[in-house]
Amino acid sequence: MKFTWRRQALRPKYRFQTAQGGIDEKETIVVSLEHDGVVGLGEGVASRLYGQSLESTETALAGMRDMLGDDPFAIEPILARVIPRHDAQRAAIAALDSALHDWVGKRLNVPVWRLLGLSAPRVQTVFTIGIADADETRRKVDEALADGYSALKVKVGVDGDLRTLEYIRKQFNGPLLLDANEAWTVEDALRRVPDLAAFRPTMVEQPLRKDDWRNFGRIRDLGVAPIFADESCERPADVIKLNGLVDGVNVKFTKCGGLREALKMLTLARGLGLRAMLGCFVSSSLAIAPGVAIGGLFDFADLDGALLLGENDTFAGIRAERGGVLSLAGGPGLGVRLR
Ligand SMILES: [Mg+2]
């Protein structure tokens, strides 16, 4: 197996801002796994929230090289070797997991969703309105509504969030998902979350700091909306830890390590009666395609990470219909190709 990678620069159409900061430009890592004349691709999207950087991802990828063996069909055994050694670098593991699935699909000439026993995906994604000044926020809301998005996600936990929500609710009656990105202490959240009730949120995501997950139940008891954990829920074991404290979990490949681990988290969530959302980071379509493949299994999909790039997306292969319905353009594997 020939295993290589390179960095790619991505430029979002709008500066993307959350309660934790903003990005104008972002680099991700494109991984390529070549064997038997077939090339499988994956994208590693490192997040400093989880102790990942471009450098740490590349170091982990270099460390995986000798662990891959000579049979890319053996995805589970490969991951069973790699995960314990590179446990902290799940973005790198996700890139490998994607490249392996893409390779197997291409080698067998079937799409990845078919390999996984699913039907052709049509996934409704929410559209995320990042934090911006009042004028830009209104412009983004207007544009999302003009594009027919039927569900919006709004970042809260910053000054002016209630004005943004008022502006949206004046013209939009659909599902509104609110994400606080760890903005509040438990005292702040107990004071602030009740103010959100007037906007009829479909859910409130991660109102507390990552390590403050034991207090999620207190926010849930407010009865304002279903409470979802994102930053506090990285891996399969976290789903078990959060049982009884939240209503749902947000699963992301960068946190958990790709399709296989994401499906384990989903199975655990379902077994515990929790809802599940599949999320993403700003990335090219290469990192989103595996999410589209399995997105239909989740209650909510937040897979707009490549839509935020607009025409600056470096990979093609995801079709976005009006209103944010995503499907895969077709072809074996993940069905994505360099633009
Ligand atoms: Mg979130």
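Residues numbered from 1 in each chain as written. Predicted model: local features only at pLDDT ≥ 70, side-chain atom pairs only at ≥ 80, totals over all residues. Heavy atoms only, no water.

S.K.: Is there a simple way to explain the packing of helix α3 (residues 90-108) against helix α11 (residues 259-271) in this structure?
M.R.: Packed helices, taken two at a time, are described by the angle between their axes plus the distance between the axes. Interhelical geometry of α3 versus α11 gives an angle of 105° and a closest axis separation of 8 Å. By the angle class used here, α3 and α11 are roughly perpendicular. Contact residues: R90, D97 and H101 in α3; L259, R260 and E261 in α11. Of the residues that constitute the contact of α3 with α11, the class distribution is one nonpolar, one polar and four charged. (Axes fitted to C-alpha atoms, helices over the stretch in contact; angles between N-to-C directions. Helix = DSSP H or I, 4+ residues; strand = E, 2+ residues; numbered from the N terminus. Parallel < 35°, antiparallel > 145°, perpendicular 65-115°, else oblique. Contact = heavy atoms within 4.5 Å. Nonpolar A, V, L, I, M, F, W, Y, C, P; charged D, E, K, R; others polar.)

S.K.: Help me out: how do you make sense of the domain arrangement of the chain in this one?
M.R.: A common way to state how big an interface is: give the accessible area lost once the parts meet. Under the domain assignment used here, the chain contains domain 1 (2-110) and domain 2 (123-338). One C-alpha centre belongs to domain 1, the other to domain 2; they are set 22 Å apart. Taken together, the contact between domain 1 and domain 2 spans 44 residues of the former and 47 residues of the latter. Summing both sides of the interface, domain 1 and domain 2 together bury roughly 3700 Å²; the carbon and sulfur share of this comes to 58%. Across the domain 1-domain 2 interface, the total number found is three salt bridges. Across the pair R235 and D87 runs a salt bridge whose closest N-O atoms are separated by 3.1 Å. For the pair domain 1 and domain 2, the number of links is 19 residue pairs in polar contact (both at pLDDT 80 or more). Taken together, the elements giving at least two residues each to the side of domain 1 that touches domain 2 come down to β1 (2-10), β2 (16-18), β4 (26-35), β5 (38-44), α2 (75-85) and α3. The greatest single-element share of the side of domain 1 that touches domain 2, amounting to ten residues, is contributed by α3. (Domains from an automatic or database assignment. Buried area = accessible area lost by both parts, 1.4 Å probe. Salt bridge = Lys/Arg side-chain N within 4 Å of Asp/Glu carboxyl O. Polar contact = N/O pair within 3.5 Å; in protein donor to acceptor, adjacent residues only side chain to side chain.)

S.K.: How should I be thinking about the pattern of salt bridges in this particular structure?
M.R.: Note on pairing: side chains with opposite charge can pair once their charged atoms come close. Evaluated as defined, the whole model comprises 23 salt bridges. Where R192 meets D161, a salt bridge forms, and the shortest distance between an N and an O atom there is 3.0 Å. A residue pair is termed long-range when its members are at least 10 positions apart, and R192 in helix α7 (residues 186-196) and D161 in helix α6 (residues 161-171) qualify at 31 residues. You can call D161 buried: its relative accessible area is 4%. Overlapping salt bridges bring together D87, R90, R235, E261 and K264 as one network. (Buried < 20%, exposed > 50% of the residue type's maximum accessible area, 1.4 Å probe, protein only.)

S.K.: What exactly am I supposed to notice about the pairing of β4 here?
M.R.: Regular strands show a simple pattern: their side chains alternate between the two faces of the sheet. For β4, the buried fraction is high: eight of the ten residues fall into the buried class. Of the strand pairs in this sheet, β1 and β4 are connected by nine bridges, and their pairing is antiparallel. Counterpart to F3 in the pairing with β4 is L33. Here β4 folds back onto β5 in antiparallel fashion, the turn holding two residues, of which D36 has a positive phi close to 60°. (Pairing = 2+ DSSP bridges.)

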